[in-house]
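# Per-entry structural report
In case you want the letters, here they are:
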Amino acid sequence: MEVTRGNFREVLLKLERILPAAEFLAIDGEFTGLHTGQDVNAFDTPSQYYSKLRSGSMDFLLVQFGLCAFSYDKENDKYTHQAYNFYIFPKSPQIRSAPDPRFLCQSSSIEFLASEGFDFNKVFKEGISYLTQPEEQKLREHLEEKHKSCNNTISSSPGNEDSFQPIPIPDEYVSTIEDSCAHIKTFLASSEPEELVLGCCNAFVRKLIFQTVGQRFDSSVVQLESRLTDKRNRVMVVTRAGSVEERKKKQQEKKDKELQDLEDAVGFTSVLRKISESGKLVVGHNMLLDVCHVINQCYFPLPEDYSEFKEMVRCVFPNLLDTKYMSDLPLFKDKISSNALGHLFKTLSEEPFKMCIAKSEEDGHGYSSLDDKYHEAAYDAYITGLCFITMANHLGSLQKPEVNPVLPSSPLINPYMNKLFLLRVQDSPYINLIGEDPVVRRDHVFFVSFPKEWKTYDLTQLFSPFGSVFVAWLSDTSAYVALHHRNQASLVRKTLTQSDTYTVMTYAAHQQIQDGITNCKCAHSGGKSLCSSCVRKRVVAKQSVPSSPTASVRKRRLIEVLQEDSPEVQTSAPKRKRSLSFGDKTTYSNRIIDPIPEEQEMDIVGHTKQAASSQGDRVSDKNTKAKSTGGINSTSSSPSDDSKTQPKHKQFEESDMWD
C-alpha cells in the first residue's frame, strides 16, 4: 500500500493495531544517493567504516521507506503480511523558524531509481514530512511562547505593542497603507464576507499595516493576522473581532490548527517511534545505511563518537537482524553463491531450502513473490522478511529433533542478532551493537606509499617475492597490500625497507598514526625523513659497528637524530648498533658516493651473520698485515689502495651532513 500525505493519518491509526500484533517487522529504504567523499576501504575498522558513512552519506535523503509487518498464525501454521510504502519528503510547517532542509542527489542513484519506475512527483508533491527530536522540541517551545503571548494580549490588537514607538512611514508606502485602511473600513461597514484578504506585500509593509491598524481601529472591533497560503505566499487577513468569548474561541482554533500542522510536520517520525516502542525484531538486508538514515533524519544527528552511535541504535532499535550478515556465515555461505537480495531469494527458493509463503492479510496491502518489484522499498522489505523466515526454518531443520517453525524469539536466532553487515570489508564484516567488535589480526597487511605514477602492477611486482597479494587503494599515492601467504609477513618486514621511492610499514603502525597515537614523518614524506621510532626499528641489536671513519660519522649523526626526536635518549646511545641500508648509491649534500663495501652486505634489518662475517674478515686482514714483513698477502689491501681511499673518507667525515 502506498502511503502519502493524503492517507498518512489513516495508516498511522492502523499501525497502532498492526505493529503490536506482528511477529517481526522488515524494513528497507531508497535514497537520493549512497556515498560521497572518502570511499570505504577493504581494511577499515568498524569505527572507521562508520565515520566514513557518517561524513559521506548523511547529506543524501531517504525518500522511500518500506515497512512489512509479518504475523504468524499458530493454529494454521502460516505467515501473513501487510506492506506499506511510505513516500518521504521534508515539508516545512507553516510556523516561523521551521527548518528548511537541504540535501544532495547523486546522478547515478537518481538515474537508477528512474529506470526502476520511481515516482519522483509523488515524493516531492505528496511526500510525508518528518522532524528530528531537537527540531520538534524547538518548534513546540516556539508555539507555546506564541500562544502564551496571545492569551495575555487577547484584548489587544497585534499592532498595539508597536504603538509606543511608532515606525515612521516612508513616503513611497503611504498610499499602500492608506488603501489598506480604506479597505478595512469598508469591510467593517458591511456584514459580508467573513474575512478580508489584503494584497501580498513584503514584511516591512505588513509591519506598517499592523502598526497603523492598531492605531486607527479598536481591537474589540477588528483583528488582523498574517497567513501562509498553499503557494507559500504570506498575506494579511482581516476579521471582525466579535466578543471576548468569540475571540478566545478563534484563538483556540488557530492554536489547534498550528499544533496539527506541527504534528503533520513530525509525520513519518511518528511511525518510527511506534516501531521502536513495539520492541519487535526489525529485519533488514544490508541495513546499516537504512538504520543510519532513519536515526539521522528522524531522531538525532548521528554522533561523531562510534560507541555513542552504537548506544543510540540500541535505544531506537533494541532488536535488529541483518539477513546479509546472516547469509554470510558458514552455515549458509557455502550454499549461497551470492547474497545480493535477488540472488539470495532465488537460492533460498531451491533445495536444500524451502521458501516460506506469506500471503497478504488484506487486498491492496501486500505482495506476491511473483510480483518482481525489486527496488520498491516495501517489496524489498517483503522479500527480506521471506528470506529471514526461510533461513530461520532451515536452522531448525538442522537440529535434532527438528524445530519448526523457528520464530524470532527462538534461541537459534540469538547469534545473528544486533550485528550489522559491513559491505566490502575483507575480514571484519560486521558491527556488533551489543558488545565489542571482532578483533582481527592483520599482521599480513602493509601500508605502502609510493609515487603517483605507480599502478597495481608496480605494487604486485614489489611484493612478488612473497607470493600473490590483494591491493586496497587508499589514494593515488598509498594503498594497503595484503599477503595471500600470511607466513611471509615477517620476511616482508625484514626485506622491504624505505627508500626514496616508496615507504612500507605494518598495518598496526599506520593505524597508530591514523589514530594520532604516534607521529611519523615517514608515512607522509614517502620515506624521505625518519622519526626516531622508525630509526630504532632499523637498528640491529646484535650488530657490531664497523670501525671505519664513515661509519663513525653516521653513528654520531644517528645519535643526533635520536636526541632531536626523543629527549629521553641519553649519551649512552653511541653503544647502539646501526643497520641503516643505503642501497647502491646514496645522495649526500648533492654528491654521489660509493657505498661502503661492508654495508652492501647488510639488509634493512641487518643480517647479523653477514655483518659478523665481514667484521671477522677485517680482523683477519689486520692480523695478516701485522705478521707480514715484506710481500703483500693476496687477501689484504695494498698501501696504494689505502692511500687512495683515505682522503675520500676524510673529506666525507669533515664536510658531509645528513638530510
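Figured I'd write up the structure that's included with this text. Being a predicted model, the structure only gives us computed values, none of them experimental. (Residues numbered from 1 in each chain as written. Predicted model: local features only at pLDDT ≥ 70, side-chain atom pairs only at ≥ 80, totals over all residues. Heavy atoms only, no water.)

### Some details on the packing of helix α10 (residues 288–298) against helix α11 (residues 306–316)
One can describe the packing of α10 onto α11 by two numbers: an axis separation of 11 Å at closest approach and a directional angle of 85°. In terms of orientation, α10 lies roughly perpendicular with respect to α11. Contacts between α10 and α11 involve Leu288, Val291, Cys292 and Ile295 from the first element and Phe309, Met312, Val313 and Val316 from the second. Residues belonging to the contact of α10 with α11 are distributed by class as follows: eight nonpolar, no polar and no charged. (Axes fitted to C-alpha atoms, helices over the stretch in contact; angles between N-to-C directions. Helix = DSSP H or I, 4+ residues; strand = E, 2+ residues; numbered from the N terminus. Parallel < 35°, antiparallel > 145°, perpendicular 65-115°, else oblique. Contact = heavy atoms within 4.5 Å. Nonpolar A, V, L, I, M, F, W, Y, C, P; charged D, E, K, R; others polar.)

### Quick look at a negative patch on the surface
On the surface, Glu304, Asp305, Glu308 and Glu311 cluster together to form a negatively charged patch. With respect to the helices and strands, Glu308 occurs in helix α11. (Patch = residues over 30% accessible without salt bridge, like charges linked within 9 Å, V, L, I, M, F, W, Y side chains within 5 Å. Areas by Shrake-Rupley, 256 points an atom, 1.4 Å probe, with all protein chains shown as cover. Salt bridge = Lys/Arg side-chain N within 4 Å of Asp/Glu carboxyl O. Lys, Arg positive; Asp, Glu negative; His and termini not counted. Charge placed at Lys NZ, Arg CZ, Asp CG, Glu CD.)

### Re the pattern of salt bridges
Going through the model one piece at a time under the given rule, you end up with 18 salt bridges. Among the salt bridges present, the one from Lys122 reaches Glu2, with a minimum N-O distance of 2.4 Å. Taken together, the residues Lys122 in helix α4 (residues 120–126) and Glu2 in strand β1 (residues 2–3) connect sequence positions 120 residues apart. On the accessibility criterion, Glu2 (37% relative accessible area) is partly exposed. One salt bridge connects Lys257 with Asp261, and the closest N-O pair in it is separated by 3.3 Å. Of this pair, Lys257 and Asp261 both sit in helix α8 (residues 244–266), four residues apart, which is roughly one turn of the helix. By relative accessible area, which is 48% here, Lys257 ends up partly exposed. A cluster of three or more residues bridged by salt bridges with shared partners is formed by Glu136, Arg140, Glu263 and Arg273. (Buried < 20%, exposed > 50% of the residue type's maximum accessible area, 1.4 Å probe, protein only.)

### Regarding the sheet that holds strand β5 (residues 195–197)
What the three strands build is an open sheet, ordered β5-β7-β6; its pairing is antiparallel. Sheet topology places β5 and β6 (222–228) at the edges, where each strand pairs with a single neighbour. Across the sheet, the axes of successive neighbouring strands diverge by a mean angle of 25°, strand direction being ignored. As paired strands, β5 and strand β7 (residues 234–240) are joined by three bridges and run antiparallel to one another. Within β7, the position partnered with Val197 by the bridge is Val237. Across the face of the sheet, helix α6 (residues 171–189) comes into contact with β5, β6 and β7 while running at roughly 35° to β7. (Pairing = 2+ DSSP bridges.)

### As for the environment of Ile389
Position of Ile389 among the secondary structure elements: in helix α15 (residues 377–397). When the C-alpha positions of Ile389 and Ile357 are compared, they lie 9.3 Å apart, and in sequence the two are 32 residues distant. Ignoring sequence-local partners within four residues, the contact set of Ile389 consists of Phe24, Phe70, Tyr79 and Cys356.

### Overview of the pairing of strand β15 (residues 478–483)
Along β15, six of the six residues are buried, which leaves the element largely enclosed by surrounding structure. On β15, burial covers both faces: Ser478, Tyr480 and Ala482 on one face and Ala479, Val481 and Leu483 on the other are all buried. In this sheet, β15 lies alongside strand β13 (residues 445–449) in antiparallel orientation, the contact comprising five bridges. Looking at the pairing, Ser449 lines up with Ser478 of β15.

### Points about unusual backbone geometry
Cis peptide bonds are those with omega within 30 degrees of zero, and the linkage from Glu351 to Pro352 qualifies with 5°. Inspection of the secondary structure puts Pro352 in the loop between α14 (341–348) and β10 (358–360). Cis geometry marks the peptide bond from Asn404 to Pro405, where omega comes out at -5°. If you trace the backbone, Pro405 turns up in the loop between α15 and β11 (419–421). The phi dihedral of Asp77 is positive, around 50°, even though this residue is not glycine. Position of Asp77 relative to the elements: it lies in the loop between β3 (62–73) and β4 (78–87). The phi torsion at His375 lies on the positive side, around 75°, for a residue other than glycine. Along the chain, His375 turns up in the loop between β10 and α15. For His375, a relative accessible area of 32% corresponds to the partly exposed category.

### Examining the environment of Asp443
Looking at where Asp443 falls in the secondary structure, it is placed in the loop between β12 (430–432) and β13. Between the C-alpha atom of Asp443 and that of Ala482, which follows or precedes it by 39 residues, the distance is 8.9 Å. Ignoring anything within four residues of it in the chain, the contact list for Asp443 reads Ala489 and Arg493. At 2.3 Å, the side chain of Asp443 and the side chain of Arg441 are in polar contact. (Polar contact = N/O pair within 3.5 Å; in protein donor to acceptor, adjacent residues only side chain to side chain.)

### What about the nonpolar core?
Counting residues in hydrophobic clusters, the biggest one holds 59 residues, and the most contacted among them are Phe65, Leu67, Phe86, Phe268 and Ile275. Looking at this core, the elements with two or more residues in it are α1 (8–21), β2 (24–31), α2 (46–57), β3, β4, α9 (268–278), α10 and α11. It is α10 that contributes the most residues to this core, seven residues altogether. Beyond its immediate sequence surroundings of up to four residues, Phe86 is in contact with Val3, Phe8, Val11, Leu15, Val63, Gln64, Phe65, Leu67, Ile128, Phe268 and Val271. (Core = buried A, V, L, I, M, F, W, Y, C linked by side-chain atoms within 4.5 Å.)

Read these as geometric descriptors, not functional statements.
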